[in-house]
Amino acid sequence: PACGGVMVLGCGAYCIGSSVEFDWCAVSAVRQLRAMGDKAIVVNYNPETVSTDYDESDKLYFEELTLERVLDIYELEKSVGIIVSVGGQIPNNLALPLHQQGVRILGTSPDSID
């Protein structure tokens, strides 16, 4: 198991008619991580995540999805990596800047995310 845990970035705040599928993708990723014995850390400021998925992960940070905040949590948790590919556009936009700061992005290479 990953000693520092794997971070999963959620979709951020809901807009009517969007984002629900990304919340489900993040929860599915968390369930798989936990099934593999890894600690799962979710970062999301979507109020629906807190009301329905608060017990899915080992830790839930109800925080904004910005470069600075994600880096703070990554360092605090001593995370082994971040999954950005299940959260939608906001996490995808953070992939390259996070990578450039030395963060290990799990899954698709940040250079390949457009």
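Note: the structure precedes this text.
All of the points below concern the structure found in this document. (Residues numbered from 1 in each chain as written. Predicted model: local features only at pLDDT ≥ 70, side-chain atom pairs only at ≥ 80, totals over all residues. Heavy atoms only, no water.)

**A look at the overall build of the chain**
Where we set the bar: Where helices and strands are cited, they refer to DSSP runs of H or I of at least four residues and of E of at least two residues respectively, numbered from the N terminus. We call two residues contacting when some pair of their heavy atoms lies within 4.5 Å. In this description, accessible areas are obtained by the Shrake-Rupley approach with a 1.4 Å probe, and a residue is regarded as covered only by the protein chains that are shown.
Along the backbone of the chain there are four helices and five strands. Taking all contacts inside the chain whose residues are at least 6 apart in sequence as the whole, residues at least 24 apart take part in 58%. A total accessible area of about 6,000 Å² is found for the chain, and carbon and sulfur atoms account for 54% of it.

**Looking at the nonpolar core**
Quick note on the threshold: We define a nonpolar core as any set of buried Ala, Val, Leu, Ile, Met, Phe, Trp, Tyr and Cys residues linked to one another through side-chain atoms lying within 4.5 Å. Using a 1.4 Å probe on the protein chains alone, a residue whose accessible area is under 20% of its type maximum counts as buried, one over 50% counts as exposed, and one in between counts as partly exposed.
Formed by 17 residues in total, the largest nonpolar core has its most connected members in Met 7, Leu 9, Val 43, Val 70, Ile 82, Leu 98 and Val 103. Broken down by secondary-structure element, the contributors of at least two residues to this core are β1 (6-9), β2 (40-43), α3 (67-77) and α4 (89-100). With four residues, the single largest contributor to this core is α3. Once residues within four sequence positions are removed from consideration, Val 43 is found in contact with Met 7, Val 8, Leu 9, Gly 10, Tyr 61, Glu 63, Leu 65 and Ile 73. Counting residues in hydrophobic clusters, the runner-up holds 10 residues, among them Val 6, Leu 33, Ala 40 and Val 86.

**So, α3**
Here is the rule we go by: Here the arc refers to the directions that run from the helix axis out to each C-beta atom.
All of the buried residues in α3 are Val 70, Leu 71, Ile 73, Tyr 74 and Glu 77. All buried residues of α3 project into a common sector of 165 degrees when viewed along the axis, lining one side. Residues Glu 68, Glu 75 and Leu 76 are exposed on α3 and point more than 90 degrees away from its buried face. Contacts made by the buried residues of α3 are with β1, β2, β3 (59-61), β4 (81-83) and α4. Once α3 finishes, Lys 78 follows within two positions and takes phi at roughly 55 degrees, a positive value.

**Examining the pairing of β1**
Heads up, the condition is: In this scheme, strands are said to pair when DSSP sees at least two bridges between them.
Burial along β1 is two-sided: Val 6 and Val 8 and Met 7 and Leu 9, pointing in opposite directions, are all buried. Strand direction decides the pairing type here: β1 and β4, joined by three bridges, are parallel. Across the sheet, Val 8 pairs through a bridge with Ile 83, a residue of β4.

**Here's the deal with the environment of Tyr 74**
The following threshold applies: Pairs of N or O atoms are called polar contacts if they sit within 3.5 Å, as long as, within protein, a hydrogen donor faces a hydrogen acceptor (for residues adjacent in sequence, only side-chain-to-side-chain pairs).
With respect to the helices and strands, Tyr 74 occurs in helix α3. Not counting residues up to four positions away in its chain, the partners in contact with Tyr 74 are Met 7, Ser 79, Val 80, Gly 81, Ile 82, Gly 102, Val 103 and Arg 104. At a separation of 3.3 Å, a polar atom in the side chain of Tyr 74 contacts the main-chain amide nitrogen of Arg 104.

**Points about a nonpolar patch on the surface**
This is how it is decided: The patch calculation keeps residues exceeding 30% relative accessible area without a salt bridge and links them within 9 Å when they carry like charges or within 5 Å when they are nonpolar (Val, Leu, Ile, Met, Phe, Trp, Tyr). In the sections that follow, a salt bridge refers to a side-chain nitrogen of Lys or Arg positioned within 4 Å of a carboxyl oxygen of Asp or Glu.
On the surface, a cluster of nonpolar side chains totalling about 260 Å² of accessible area is made up of Tyr 45, Phe 62 and Ile 90. As for its position among the elements, Tyr 45 is in the loop between β2 and α2 (47-52).

**Quick notes on the packing of α3 against α4**
Rules: Axis lines are fitted to C-alpha atoms, over the contacting stretch for helices. Their N-to-C directions set the angle, which ranges from 0 to 180 degrees. In what follows, roughly perpendicular refers to angles from 65 to 115 degrees, roughly parallel to angles under 35, roughly antiparallel to angles over 145, and oblique to any angle outside these ranges. The crossing is said to be left-handed when, going from far helix to near helix, the turn is anticlockwise and less than a right angle, and right-handed when the turn is clockwise. Residues are grouped as follows: Ala, Val, Leu, Ile, Met, Phe, Trp, Tyr, Cys and Pro are nonpolar; Asp, Glu, Lys and Arg are charged; every other residue, Gly included, is polar.
Interhelical geometry of α3 versus α4 gives an angle of 60 degrees and a closest axis separation of 10 Å. With respect to α4, the element α3 is oriented oblique. Judged by the sense of rotation from one axis to the other, the crossing of α3 with α4 is right-handed. Residues Leu 67, Val 70 and Leu 71 of α3 touch α4, and the partners they reach there are Leu 94, Pro 97 and Leu 98. A class-by-class count of the residues in the contact of α3 with α4 yields six nonpolar, no polar and no charged.

Purely geometric stuff here, so don't read any function into it on its own.
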